[in-house]
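Next come the chains, spelled out residue by residue.
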Amino acid sequence: MESQLHELAEARWFLSKVQDDFRGGKINVEITHKLLEKLDFPCHFAHVKHIFKENDRQNQGRITIEEFRAIYRCIVHREEITEIFNTYTENRKILSENSLIEFLTQEQYEMEIDHSDSAEIINKYEPIEEVKRERQMSIEGFARYMFSSECLLFKENCKTVYQDMNHPLSDYFISSSHNTYLISDQILGPSDIWGYVSALVKGCRCLEIDCWDGSQNEPIVYHGYTFTSKLLFKTVVQAINKYAFVTSDYPVVLSLENHCSPGQQEVMASILQSTFGDFLLSDMLEEFPDTLPSPEALKFKILVKNRKVGTLSETHERIGTDKSGQVLEWKEVIYEDGDEDSGMDPETWDVFLSRIKEEKEADPSTLSGIAGVKKRKRKMKIAMALSDLVIYTKAEKFRNFQYSRVYQQFNETNSIGESRARKLSKLRVHEFIFHTAAFITRVYPKMMRADSSNFNPQEFWNVGCQMVALNFQTPGLPMDLQNGKFLDNGGSGYILKPDILRDTTLGFNPNEPEYDDHPITLTIRIISGIQLPVSSSSNTPDIVVIIEVYGVPNDHVKQQTRVVKNNAFSPKWNETFTFLIQVPELALIRFVVETQQGLLSGNELLGQYTLPVLCMNKGYRRVPLFSKSGANLEPSSLFIYVWYFRE
């Protein structure tokens, strides 16, 4: 009897929602699409067209209310969802509040769930009033809950800033872009303000600005000695000011690639001060005279990264003085050990370091004879007004790790090209991690990447590099990893590095084949696809799902499902994959949906989703999909089951 009442209530509810649309008789495919959205189930029009055609029995391009209900049930009452629902119901018709709690604890690992939480879920997702009043859930409510944002793979707490933001800046991975002003290639492509706006909206916290002398004493921004178009420096700064803290409250670093004359450097300083006002950090914080401040201490601050002359104390003493026309000479004495990357054995370097320390107070010229060190000098004129705006992010050329240990100051940052950084990460891994534990290090793409392609950022995160700068305008795997990593910690653009990269006494080496510090065993069952994107080359694509893990080299692995033929609407796999991840703190997981098109043409990417392994929820979860360009493809998603434990 109770079962019949529930069926009656469901039928009444359905009719109340759709009958007005059928008063004129049958409906066409466009109205069908709108009606499904009205029922809180958005659908891709391409899929609606396909199902509509299958249910249009008279082939008239119009369907009855019964035919519409068949379409609705096909989309909403998915077999895999109904199976889960039936497992926790007594009569396969209704889910009691206690049964809902049992499902949430046993399957979704919601261990702290109680009756108030389950009541909230029922009130929010159950559309049938009679069922809701009984504090129960129908398949209608259950399906809406399972397709909701609450059942997404990404953990809810990772969507907010939950990490300790009081460590020094050097303890964080910082979302960083390269040649931010470009939206295409680095030779002929246009420069555009949109490069800065889109990067900031994505949570980027380190922007690059290439500055050159312009006409009428107006500094310009472009890729020097190329045919890229030009922007006014002041226009760039105004755009940054408008969008700097829209996505994140934490500090933005302006990495100036400064090629301007002292006169136009003064103009730059004036523009920075007048545009940013109090947001611009122009003096050291009292609490941090000789250590890097934290992101928390620098909230809503703009930091300038550029060459600097003199000390922070000297800068502080000049606060409020007139600096117009004052030019400082920046001198750099570079000591090189010949082919630095070829390496010396540790004992030789220990001798080298001790001798440098002994000679530290002596005439620097005497250092040129130590251990084959070569000396080179560079000079540049810097406007005092701009130099004094550089506080905690002084740009300093990277010589070698040994030099940095002896001479580098806490507020000096290094930029290293990808090729050299890659070599060091393999040959000098412990020294590299020791260096990044103390100093902010930026890695940038090599000059040969004229097409604005990117390297894999993971290899440099593995050794603790804070600012791994990518060309944000270029979609592909590297930017998928970048976007996925910085989903964490509320998309704030700052992620606290794990202990293994902050505590150098742990002796972490990402290149070791095994690392015995609580690896996790991860199991993922790929159950089905939900309204997957329709291929550009085929309306009935053959679908495959690929799971990739990126992290330390030993954790990198790729597995894939079998191919499901001719079904992008609701392909089913029910395949299980297991991964042993040695260093989960650094691992990212990437779900890729492709169409298989043969050996010659290769597979076509339909969608992907990347996130940190430790940000995954357990249980039945939905994986949203994003296009190659980063567009959200909702409602396209994967339906999976996740389980993992730490050894």
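Residues numbered from 1 in each chain as written. Predicted model: local features only at pLDDT ≥ 70, side-chain atom pairs only at ≥ 80, totals over all residues. Heavy atoms only, no water.

Bringing the side chain of Arg 590 into the picture now. Secondary-structure assignment places Arg 590 in strand β21 (residues 588–595). Looking at Arg 590, the relative accessible area reads 9%, which means it is buried. A polar contact is formed between the side chain of Arg 590 and the side chain of Asp 480, at a distance of 2.8 Å. Discounting chain neighbours no more than four positions away, the residues touching Arg 590 are Leu 477, Asp 480, Ile 546, Ile 547, Glu 548, Tyr 550, Gln 608, Tyr 609 and Thr 610. (Helix = DSSP H or I, 4+ residues; strand = E, 2+ residues; numbered from the N terminus. Buried < 20%, exposed > 50% of the residue type's maximum accessible area, 1.4 Å probe, protein only. Polar contact = N/O pair within 3.5 Å; in protein donor to acceptor, adjacent residues only side chain to side chain. Contact = heavy atoms within 4.5 Å.)

Moving on to the pattern of salt bridges. Tallying each qualifying case throughout the model produces 32 salt bridges. Here Glu 418 and Arg 422 are joined by a salt bridge, their closest N and O atoms 2.9 Å apart. Note that Glu 418 and Arg 422 are positioned in helix α17 (residues 418–427) at a spacing of 4 residues, about one turn of the helix. Look at Glu 418 and you get buried, because its relative accessible area is 0%. Since its relative accessible area comes to 23%, Arg 422 is described here as partly exposed. (Salt bridge = Lys/Arg side-chain N within 4 Å of Asp/Glu carboxyl O.)

Mapping Ser 637 onto the fold places it in strand β24 (residues 632–646). Taking relative accessible area as the criterion, Ser 637 reaches 0% and is therefore assigned buried. Ignoring anything within four residues of it in the chain, the contact list for Ser 637 reads Gly 529, Ile 530, Leu 532, Arg 622, Val 623, Pro 624 and Leu 625.

Attention now moves to the UniProt feature "domain: EF-hand" (unreviewed entry) in the chain. With numbering aligned to this structure, UniProt lists the feature "domain: EF-hand" (unreviewed entry) at residues 43–78. Within residues 43–78, the helical portion is 64% and the strand portion 0%, while the C-alpha atoms at the span's ends are 14 Å from each other. (UniProt positions renumbered as here; feature names shortened; annotations may be inferred.)

Here the focus is the packing of helix α2 (residues 29–38) against helix α3 (residues 45–55). Where α2 contacts α3, the axes come no closer than 10 Å and their chain directions differ by 120°. By the angle between their axes, α2 is oblique relative to α3. Remark: the crossing between α2 and α3 carries right-handed chirality. For the pair α2 and α3, contact is made by Val 29, Glu 30, Thr 32, His 33 and Leu 36 and by Phe 45, Val 48, Lys 49 and Phe 52, respectively. In the contact of α2 with α3, the residues fall into 5 nonpolar, 2 polar and 2 charged. (Axes fitted to C-alpha atoms, helices over the stretch in contact; angles between N-to-C directions. Parallel < 35°, antiparallel > 145°, perpendicular 65-115°, else oblique. Left-handed = near helix turned anticlockwise from the far one by under 90°. Nonpolar A, V, L, I, M, F, W, Y, C, P; charged D, E, K, R; others polar.)

To continue, consider the state of the cysteines. Summed over all chains, the structure comprises 0 disulfides. Of all cysteine sulfurs in the structure, the one in Cys 74 sits closest to Cys 43, which takes part in no disulfide; the separation is 9.7 Å. Among the cysteines around Cys 151, which has no disulfide bond, Cys 158 carries the closest sulfur, lying 16 Å off. According to the relative accessible area criterion, Cys 151 is buried, its value standing at 0%. (Disulfide = S-S within 2.5 Å.)

Summed over all chains, the structure comprises 24 aromatic pairs. Measuring from ring centre to ring centre gives 6.1 Å for Phe 14 and Phe 68, while their planes differ by 25°; the resulting arrangement is stacked. Taken together, the residues span a long stretch of sequence, with Phe 14 in helix α1 (residues 2–18) and Phe 68 in helix α4 (residues 65–76) at a distance of 54 residues. Of the residues examined, Phe 68 reaches a relative accessible area of 0% and is grouped as buried. Over the ring of Trp 330 we find Arg 307, and its NZ or CZ is 4.6 Å from the ring centre. One residue, Lys 618, lies across the ring of Tyr 644, its end atom 4.9 Å from the ring centre. (Phe/Tyr/Trp six-rings, centres within 6.5 Å; stacked < 30°, edge-to-face > 60°. Lys NZ or Arg CZ within 6 Å of the ring centre and 35° of its normal.)

Another aspect to go through is the nonpolar core. Leu 207, Ile 209, Phe 233, Ile 240, Leu 254, Leu 256 and Leu 272 are the most contacted members of the largest nonpolar core, which totals 67 residues. Not counting chain neighbours up to four residues away, the residues in contact with Leu 256 comprise Ile 209, Cys 211, Phe 233, Met 268, Val 304, Lys 305, Asn 306 and Leu 386. (Core = buried A, V, L, I, M, F, W, Y, C linked by side-chain atoms within 4.5 Å.)

This part is about the packing of α2 against α4. Interhelical geometry of α2 versus α4 gives an angle of 50° and a closest axis separation of 11 Å. Classed by the angle they form, the pair α2 and α4 counts as oblique. Handedness of the crossing formed by α2 with α4: right-handed. Every residue of α4 that contacts α2 at Thr 32, Leu 35 and Leu 36 is listed here: Phe 68, Ile 71, Tyr 72 and Ile 75. Looking at the contact of α2 with α4 residue by residue, the classes come out as 6 nonpolar, 1 polar and no charged.

Here we come to the pairing of strand β23 (residues 619–626). Remark: a regular strand shows side chains that alternate across the two faces of the sheet. Extensive coverage of β23 is indicated by the burial of 7 of its 8 residues. As defined by bridge partners, β23 adjoins β24 across 7 bridges and the pair is classed as antiparallel. The partner of Arg 622 across the bridge, within β24, is Phe 639. Remark: 5 residues form the turn of the hairpin made by β23 and β24, two consecutive strands paired antiparallel; Gly 630 in that turn has positive phi of roughly 100°. (Pairing = 2+ DSSP bridges.)

Another aspect to go through is the confidence of the model for the chain. One rule of thumb: low pLDDT means the predicted coordinates there are not for detailed reading. Mean pLDDT over the chain stands at 90; residues scoring 70 or higher make up 91%. A low-confidence stretch, residues 337–353 stays under pLDDT 50, and its non-local contacts, those more than four residues away or across chains, total 29 contacts. Across residues 363–371 the pLDDT falls below 50, and counting only partners more than four positions away or on other chains, this stretch makes 16 contacts in the model. (pLDDT = per-residue confidence, 0-100.)

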